[in-house]
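A closer look at the structure
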Amino acid sequence: MNKDIKRYTVTCPNCGRKLISAVAANGAEIYCQKCKTMYEIEIKDKQLHVKEIGEEYIANY
């Protein structure tokens, strides 16, 4: 695998469970089976946004 490609690892902001590890994460919808919560993943302004209904968590990368 090319070392120059950015790989995203997203964990649930509520319980810490690993949700996804992928090269392309933008626009993904992920369901946490532990918390029973649906999240949408979005990348904008060099920040990884994990959105839950009524909540948003932002991580710099």
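Below is a summary of the structure that appears in this document.

1. Things to note about the environment of Thr11
- Take Thr11: it is sitting in strand β1 (residues 8–11).
- Once the C-alpha coordinates of Thr11 and Val50 are considered, the two residues, 39 residues apart in sequence, prove to be 9.2 Å apart.
- Apart from the residues lying within four places of it in its own chain, the contact partners of Thr11 are Gly16, Arg17, Lys18 and Leu19.

2. Side note on the pairing of strand β4 (residues 37–44)
- Side chains of β4 alternate between two faces, with Thr37, Tyr39, Ile41 and Ile43 buried and Met38, Glu40, Glu42 and Lys44 left unburied.
- Where strand β3 (residues 29–32) meets β4, four bridges bridge the pair, whose relative direction is antiparallel. Bridge pairing links Glu29 to Glu40 in β4.
- In this antiparallel pair of consecutive strands, β3 and β4, the connection spans four residues, and Lys36 shows a positive phi of 60 degrees.
- Alignment of β4 against strand β5 (residues 47–52), held across six bridges, turns out to be antiparallel. Directly across from Lys44, in β5, lies its bridge partner Gln47.
- Here β4 hands over to β5 after two residues, with Asp45 in that stretch at a positive phi of 55 degrees.

3. Topic: the pattern of salt bridges
- Within this structure, the stated rule accounts for one salt bridge.
- Among the ionic pairs, Glu42 bridges to Lys51, the shortest N-O distance being 2.8 Å.
- Judged by relative accessible area, which is 23%, Glu42 ranks as partly exposed.
- For Lys51, a relative accessible area of 26% corresponds to the partly exposed category.

Thresholds, definitions, all that
- Residues numbered from 1 in each chain as written.
- Predicted model: local features only at pLDDT ≥ 70, side-chain atom pairs only at ≥ 80, totals over all residues.
- Heavy atoms only, no water.
- Helix = DSSP H or I, 4+ residues; strand = E, 2+ residues; numbered from the N terminus.
- Contact = heavy atoms within 4.5 Å.
- Buried < 20%, exposed > 50% of the residue type's maximum accessible area, 1.4 Å probe, protein only.
- Pairing = 2+ DSSP bridges.
- Salt bridge = Lys/Arg side-chain N within 4 Å of Asp/Glu carboxyl O.

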